[in-house]
Amino acid sequence: MRVTGRYIATFGLVLLGVAVKAQDTTLSIRDVTVISDYVPYLADAVKEKTAPVAEAPDAPLPKLSYSIIPIQFRTVSRLDIPKALEMGKNTPPNLRNNHIRLGFGNYASPLAEIYLHNKRSEYSAYGLTIKHLSANGPDKAIFSDNNVSLFGKRFFKTGTLFGDFDYVRNGLRFYGFDRTFPYTPSDDSLKQVYNTFAVSTGWESKEWGKRKMQFKGDVAFHNLTDKWGAQENDATINTSFKTLIKEDVLKVNLAYSYSSYSDSLGSLNRNFVHLNPRYTPNGDKLKLTLGVNSSVYVDTAKPKFYLFPVVDAEYEIEKGFFSAIAGVNGGLQKNTLRSFITENAFLSNRIAMGNTVNRFEGYLGIKGKANANFGFIGRVFYNQFNDMAVFIADSTVLRRFKPLYIDAHVIRFNAELAYQYSEKVRLNLTANVYNYKVQDSKQKAWQLPTAEVKLNTTYNIGNKLLLSADVFVMNQRPATSEYTTLPATNLKAFADFNFGMEYRYRKTLSLFVRLNNISSVRYQRWYNYPTYSLNGMGGITFSL
């Protein structure tokens, strides 16, 4: 079988060779190599255009029949009284009834403030305040301020009985003395000490309204003396009544005041009676207050009577946001030694005491708020003053100040802005621009600015760190001395920058630092009396 297979294969190959040889004589074949990428090919799809038709099945509804068998369910009435809900206990905060602040700064300036108060009570409130601040500045710029105050209130069902007592001691040096003199004044002659005792008591009723009248009355007295023999006694009785007439408010203020002043030049006794009624009708958009300021003044000369109309109007343009305000006013202003030294403590011990008459005051402005955080007010005032008090230096070597009374018309532009964001950020800005027209061409509005700006900001960081900054700017002011033939001096404009920081270590303990007059410019607020340059103070505040 194997031999036969070999013969058959051999015979087949011979025939194949013969066949190939025969073709070689008739066709020439060359080798061809084809190289190409594979390209797939798809035929176009043919869309079936026949739309399907949905046929609703025929499903007849079955016919149902049923019946309800009435069965009464027997119920048992029961009244459950729920347990009364109890409100959580509103525990009042644990208030500290005392506060102490101690500090020390350059110029050997100690600070001490003590505030004592009784615990929370629905029957009474009383307390004691003690303050001390002093400094030993350059060029004999020394001062010492001390104050002790007592106050008390007793609460009754029908009203409150109140009273207070104050003792104030202010010591200073007249360090602005004329240094061109051939001799230097003695230290004792430079000293000035003011002692003030003040006491008051009164009663204020609670309820008022229709057929009810609220009454408030108080009696006040103060005695003020200085180191050089000047003395002032002042007593005042104030009463006020308030009631409703339908929906309108009627309020009447009646007061009597006696003031006596004496120094080495003489004495002056003055009596004042003031009657100031006010009527405020109930209004929606327009709020009005109508009244008069009437005064009777008696001294050694003939009695004088003053009467001035009072109108205050506010029209609400956009409720809660924007209002227009306007008004007229006037009045008799009592000047006292106490009011003068509050403004300028470097006062002479021999002065002429007089009153200022605000003959007319008119104002016009706008006020409002952009939102809950930002408020503003802008006003323009026009005043006519008789015997407006300004300060000029006296002719002595000490260069103390005396009030000079001038007649003037004053225009004042006032703008105030206030911004508060929660308890974190607070900003207050006040700007005033003045224009004075003095009737006596030889006089000016001495030492009064024509422009001033005050800025106060505070920033609370996590109720832990409190930052504050204050800026006070005032432009130049004219100054002069009595009996001088020299031209007036202009006090330079200034900008006073102040910064404070308080760190609350605990609720009852904190540390503070205060820097004043950071620019360190010894500007003059009063003629020949430069302020301190850069001064700082640090200390501690705590409650027990």
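In this text the structure is predicted, and so the values were computed from the model without any measurement.

Draft legend 1. A look at the overall build of the protein. Tallying secondary structure elements over the protein gives three helices and 26 strands in all. Across the 544 residues in the protein, those meeting the buried criterion constitute 31%. Of the contacts made within the protein by residues no fewer than 6 positions apart, 54% connect residues no fewer than 24 positions apart. For the protein, the accessible surface area stands at approximately 36,300 Å², while carbon and sulfur atoms represent 60% of it.

Draft legend 2. Representation of a nonpolar patch on the surface within the structure. On the surface, Val 219, Ile 237, Leu 254, Tyr 256, Tyr 258, Val 273, Leu 275, Val 296, Phe 305 and Leu 307 cluster together into a nonpolar patch covering about 850 Å² of accessible area. Only β9 (248–263), β10 (266–280) and β12 (304–318) provide two or more residues apiece to the nonpolar patch. Here the element with the most residues in the nonpolar patch is β9; it accounts for three residues. Topologically, Val 296 is positioned in strand β11 (residues 286–298).

Draft legend 3. Seen up close, the pattern of salt bridges. Counted by the stated rule, this structure contains eleven salt bridges. Ionic pairing is found between Lys 367 and Glu 314, a salt bridge with its closest N-O pair at 3.4 Å. Taken together, the residues Lys 367 in strand β14 (residues 355–369) and Glu 314 in strand β12 connect sequence positions 53 residues apart. With a relative accessible area of 29%, Lys 367 lands in the partly exposed category.

Draft legend 4. Highlighting the pairing of strand β26 (residues 535–542). Where strand β1 (residues 98–105) meets β26, six bridges bridge the pair, whose relative direction is antiparallel. Bridge pairing in β26 places Leu 102 opposite Ile 540. Where strand β23 (residues 509–516) meets β26, eight bridges bridge the pair, whose relative direction is antiparallel. Looking at β26, one finds that Phe 512 is bridged to Gly 539.

Draft legend 5. Seen up close, the side chain of Arg 477. Examined against the element boundaries, Arg 477 turns out to sit in strand β20 (residues 477–479). No salt bridge is formed by the buried Arg 477, whose closest oppositely charged neighbour, Glu 452, lies at an N-O distance of 8.4 Å. In this structure the side chain of Arg 477 is engaged in a polar contact, spanning 2.8 Å, whose partner is the backbone oxygen of Lys 492. A distance of 3.0 Å separates the side chain of Arg 477 from the backbone oxygen of Gln 524, its partner in a polar contact.

Draft legend 6. Expanded view of the nonpolar core. In terms of nonpolar packing, the biggest core is built from 30 residues, with Leu 337, Phe 346, Leu 347, Ile 351, Met 353, Phe 401 and Tyr 529 touching the most fellow members. Taken together, the elements giving at least two residues each to this core come down to α3 (337–343) and β15 (374–393). Looking at which element gives the most residues to this core, the answer is α3, with three residues. With sequence-adjacent residues up to four places away left out, Met 353 is seen in contact with Glu 232, Tyr 261, Leu 268, Arg 270, Asn 335, Thr 336, Leu 337, Phe 340 and Tyr 405.

Draft legend 7. Up close: the packing of aromatic side chains. For the structure on display, the rule yields 22 aromatic pairs. Aromatic pair Tyr 175 and Tyr 529: ring centres 5.0 Å apart, planes at 75 degrees, arrangement edge-to-face. Residue Tyr 175 is located in the loop between β5 (159–173) and α2 (187–190), and its partner Tyr 529 is located in strand β25 (residues 529–530); the two are separated by 354 residues in the primary sequence. Comparing Tyr 175 with Tyr 529, the two get one shared label, buried. Joined through ring pairs, the aromatic side chains of Tyr 175, Phe 340, Phe 346, Phe 391, Phe 401, Trp 526 and Tyr 529 make up one cluster. Geometry around Phe 156 places Arg 154 over its ring, the cationic atom sitting 4.9 Å from the centre. Sitting over the face of the ring of Phe 174, Arg 400 holds its NZ or CZ atom 5.5 Å from the ring centroid.

Draft legend 8. Focus on unusual backbone geometry. Located in the positive-phi region is Lys 246, a residue other than glycine, with phi close to 60 degrees. Take Lys 246: it is sitting in the loop between β8 (231–245) and β9. Judged by its relative accessible area of 70%, Lys 246 falls in the exposed class. Of note, Tyr 483 is a non-glycine position whose phi angle comes to about 65 degrees, a positive value. In this fold, Tyr 483 is placed in the loop between β20 and β21 (489–491).

Draft legend 9. Broad picture of the layout of surface pockets. Estimated volume of the largest pocket: approximately 1,300 Å³. For the largest pocket, the lining is made up of 39 residues, of which Leu 133, Phe 143, Asp 145, Phe 346 and Tyr 532 are closest to its centre. If you tally residues by element for the lining of the largest pocket, the top one is β5, at four residues. Class assignment of the residues belonging to the lining of the largest pocket gives a composition of 21 nonpolar, 13 polar and five charged. In this structure, the second largest pocket encloses a volume near 590 Å³. Looking at the second largest pocket, it is lined by 22 residues, and the ones nearest its centre are Glu 343, Phe 385, Met 388, Ala 389 and Leu 448. Mapped onto the lining of the second largest pocket, the elements with two or more residues apiece are α3, β14, β15, β16 (401–421) and β17 (425–438). It is β15 that contributes the most residues to the lining of the second largest pocket, six residues altogether.

Draft legend 10. Geometry of the environment of Arg 399. Mapped onto the elements of the fold, Arg 399 is located in the loop between β15 and β16. When the C-alpha atoms of Arg 399 and Ser 348 are compared, they prove to be 8.5 Å apart, with 51 residues separating the residues in sequence. Other than its neighbours up to four places away in sequence, Arg 399 contacts Gly 176, Phe 177, Asp 178, Ala 393, Asp 394, Ser 481, Asn 528 and Tyr 529. Polar side-chain contacts of Arg 399 include one of 3.3 Å to the side chain of Asp 178.

Conventions and cut-offs
Residues numbered from 1 in each chain as written. Predicted model: local features only at pLDDT ≥ 70, side-chain atom pairs only at ≥ 80, totals over all residues. Heavy atoms only, no water. Helix = DSSP H or I, 4+ residues; strand = E, 2+ residues; numbered from the N terminus. Buried < 20%, exposed > 50% of the residue type's maximum accessible area, 1.4 Å probe, protein only. Contact = heavy atoms within 4.5 Å. Areas by Shrake-Rupley, 256 points an atom, 1.4 Å probe, with all protein chains shown as cover. Patch = residues over 30% accessible without salt bridge, like charges linked within 9 Å, V, L, I, M, F, W, Y side chains within 5 Å. Salt bridge = Lys/Arg side-chain N within 4 Å of Asp/Glu carboxyl O. Pairing = 2+ DSSP bridges. Lys, Arg positive; Asp, Glu negative; His and termini not counted. Polar contact = N/O pair within 3.5 Å; in protein donor to acceptor, adjacent residues only side chain to side chain. Core = buried A, V, L, I, M, F, W, Y, C linked by side-chain atoms within 4.5 Å. Phe/Tyr/Trp six-rings, centres within 6.5 Å; stacked < 30°, edge-to-face > 60°. Lys NZ or Arg CZ within 6 Å of the ring centre and 35° of its normal. 1 Å grid on protein atoms, 1.4 Å probe; cavity = no way out; pocket = protein on both sides within 12 Å on 5 of 7 lines; lining within 4 Å. Points joined across faces, edges and corners; volume = space filled by probe spheres on them. Nonpolar A, V, L, I, M, F, W, Y, C, P; charged D, E, K, R; others polar.

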